[in-house]
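Below are the chains, spelled out letter by letter.
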Amino acid sequence: MTIGSQNPEGPTIGLGFHFEDLPVGTRFRTVARTITESDLTAFVNLSWFTEELFTNTADREHMAIAGRVVPAALVYSFSEGLLTASMQRTGLAFLNAEIDVKAPTFVGDTIHVACEVIEARPTSKPGRGLIRTLNRVTRQDGTVVLTYNPLRMLRTRDGAAA
């Protein structure tokens, strides 16, 4: 099922989905975001990713990947940030995920996240349910650079005070 959209990935998300909004097969996508040199610098400094692959711009011929590659951890972090709107006021917990890096991402790439609900079940406690999505992080040329499958706990519509 795709929530009313002409885009095959589904509509752009807004405020938080409730558990009932996301049956298995539902698809949606985020807005896009370009990764800048400033983003790379700030992330590397904050997280202490001091690998020369991310910090040395002069000696590129000895690097495993040419160009201004960014850590997959940054791509994952930005992906979760792009998805924040889908959990506003309804997200209760992040429980689990497996992450798979498919291709490098570079400074200047613009990414978005396409999600498909692959699991949906109520919890034993009323007012909440579990949703697992398959998230594909895609750059502007259509290359999927990262996939992950978070399991999240979301409020139900009647679970306002879960």
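Above this text is the structure in question.
Rules used throughout
- Residues numbered from 1 in each chain as written.
- Predicted model: local features only at pLDDT ≥ 70, side-chain atom pairs only at ≥ 80, totals over all residues.
- Heavy atoms only, no water.
- Salt bridge = Lys/Arg side-chain N within 4 Å of Asp/Glu carboxyl O.
- Buried < 20%, exposed > 50% of the residue type's maximum accessible area, 1.4 Å probe, protein only.
- Axes fitted to C-alpha atoms, helices over the stretch in contact; angles between N-to-C directions.
- Helix = DSSP H or I, 4+ residues; strand = E, 2+ residues; numbered from the N terminus.
- Parallel < 35°, antiparallel > 145°, perpendicular 65-115°, else oblique.
- Contact = heavy atoms within 4.5 Å.
- Nonpolar A, V, L, I, M, F, W, Y, C, P; charged D, E, K, R; others polar.
- Phe/Tyr/Trp six-rings, centres within 6.5 Å; stacked < 30°, edge-to-face > 60°.

*Asks:* Teacher, can you tell me more about the pattern of salt bridges here?
*Replies:* Pairs may arise between side chains of opposite charge once their charged atoms sit close together. According to the stated counting rule, one finds 9 salt bridges in the structure shown. Here K102 ties to D100 by a salt bridge, and the two come within 2.8 Å at their closest N and O atoms. On the basis of relative accessibility, which here comes to 48%, the residue K102 falls in the partly exposed class.

*Asks:* I would appreciate a short explanation of the packing of helix α1 (residues 37-47) against helix α3 (residues 72-83) in the present structure.
*Replies:* Each pair of packed helices can be summarised by the angle the axes make with each other and by the distance between the axes. Remark: α1 packs on α3, axes separated minimally by 11 Å, with the N-to-C direction vectors making an angle of 105°. Relative to α3, the element α1 is oriented roughly perpendicular. When α1 is examined against α3, the residues D39, L40 and F43 are found in contact with a partner set consisting of A73, L74, S77 and F78. Taken together, the residues of the contact of α1 with α3 sort by class into 5 nonpolar, 1 polar and 1 charged.

*Asks:* Would you take a moment to explain the packing of aromatic side chains for this structure?
*Replies:* Two numbers describe a pair of aromatic rings. These are the distance of the centres and the angle of the planes. Here the structure, examined in full by the defined rule, presents 4 aromatic pairs. Plain terms: the ring middles of F43 and F49 are 5.5 Å apart, the flat faces sit at 50° to each other, and that makes the pair tilted. Using a relative accessible area of 15% as the deciding quantity, one classes F43 as buried. On the accessibility criterion, F49 (31% relative accessible area) is partly exposed.

*Asks:* Explain the side chain of E80 to me, please; I cannot follow it from the model alone.
*Replies:* Within the secondary structure, E80 is located in helix α3. Look at E80 and you get buried, because its relative accessible area is 16%. Discounting residues that sit within four places of it in the chain, E80 has contacts with F94, Y148 and R152.

Everything listed here is a matter of geometry and, on its own, says nothing about what the molecule does.
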